[in-house]
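# Residue-level structure breakdown
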Amino acid sequence: MAELISYDEAIDIAYDIFLEMAPDNLDPADVILFTAQFEERGAAELVETGDDWQQHVGFEVNKETYAEVRVGLVNEQDDVLDDVFARLLISRDPENKFCHALWKRD
């Protein structure tokens, strides 16, 4: 197996995919909100890979090989990502490119 990409690279890839897909997968109001607030409050952060991914992707997710990135807006009071627009599961194996996104649904 090839050397895994870094977690920082996984965050960058996930964020690029988020930006590309957001207009087609989020409510227009959420796209406007994220765009307007991103400079001050936007974040893409690595979190512990959730145990629920298997039901979304149909295979057992190896937490060493895959990373979960959440993209959203941070609460200014306590620096917590409290408005999550998407959860993305990214493969860190450069020979097995994979991404699955779960989008915010009101």
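Because the structure is predicted, anything quoted here is derived from the model rather than measured.

Per the secondary structure count, the chain includes three helices and four strands. For the chain, whose C-alpha radius of gyration is 14 Å, the value lies close to the compact-globule estimate of 13 Å for 106 residues. On the principal axes, the C-alpha backbone points of the chain span a range of 40 × 25 × 25 Å. Sequence separation of 24 or more characterises 57% of the internal contacts of the chain that already satisfy a separation of 6 or more. Summed over all atoms, the accessible surface of the chain reaches about 6,600 Å², with 46% contributed by carbon and sulfur. Separation of charge centres in the chain, based on 8 positive and 26 negative side chains, amounts to 4 Å.

Once that is clear, we can look at the side chain of Asn75. Structurally, Asn75 is set in strand 2 (residues 66-75). Classification of Asn75 by relative accessible area gives buried; the value is 19%. A distance of 3.1 Å separates a polar atom in the side chain of Asn75 from a polar atom in the side chain of Asp82. Leave out the neighbours within four places in its chain, and Asn75 touches Val80 and Asp82.

On to helix 2 (residues 28-41). Over its 14 residues, helix 2 runs 18 Å from end to end, which matches the ideal 20 Å to within 8%, given 1.5 Å per residue. Of all the bends in helix 2, the largest measures some 35° and sits at Thr35. Inspection of helix 2 places Asp30, Phe34 and Arg41 among the buried residues, and these make up the whole buried set. Along its buried surface, helix 2 packs onto helix 1 (7-25), strand 1 (42-47), strand 2 and strand 3 (80-91).

Conventions and cut-offs
Residues numbered from 1 in each chain as written. Predicted model: local features only at pLDDT ≥ 70, side-chain atom pairs only at ≥ 80, totals over all residues. Heavy atoms only, no water. Helix = DSSP H or I, 4+ residues; strand = E, 2+ residues; numbered from the N terminus. Rg over C-alpha atoms; globule rule 2.2 N^0.38 Å. Contact = heavy atoms within 4.5 Å. Areas by Shrake-Rupley, 256 points an atom, 1.4 Å probe, with all protein chains shown as cover. Lys, Arg positive; Asp, Glu negative; His and termini not counted. Charge placed at Lys NZ, Arg CZ, Asp CG, Glu CD. Buried < 20%, exposed > 50% of the residue type's maximum accessible area, 1.4 Å probe, protein only. Polar contact = N/O pair within 3.5 Å; in protein donor to acceptor, adjacent residues only side chain to side chain. Expected span 1.5 Å × (residues − 1). Bend = angle between axes of the 7 residues up to and from the residue.

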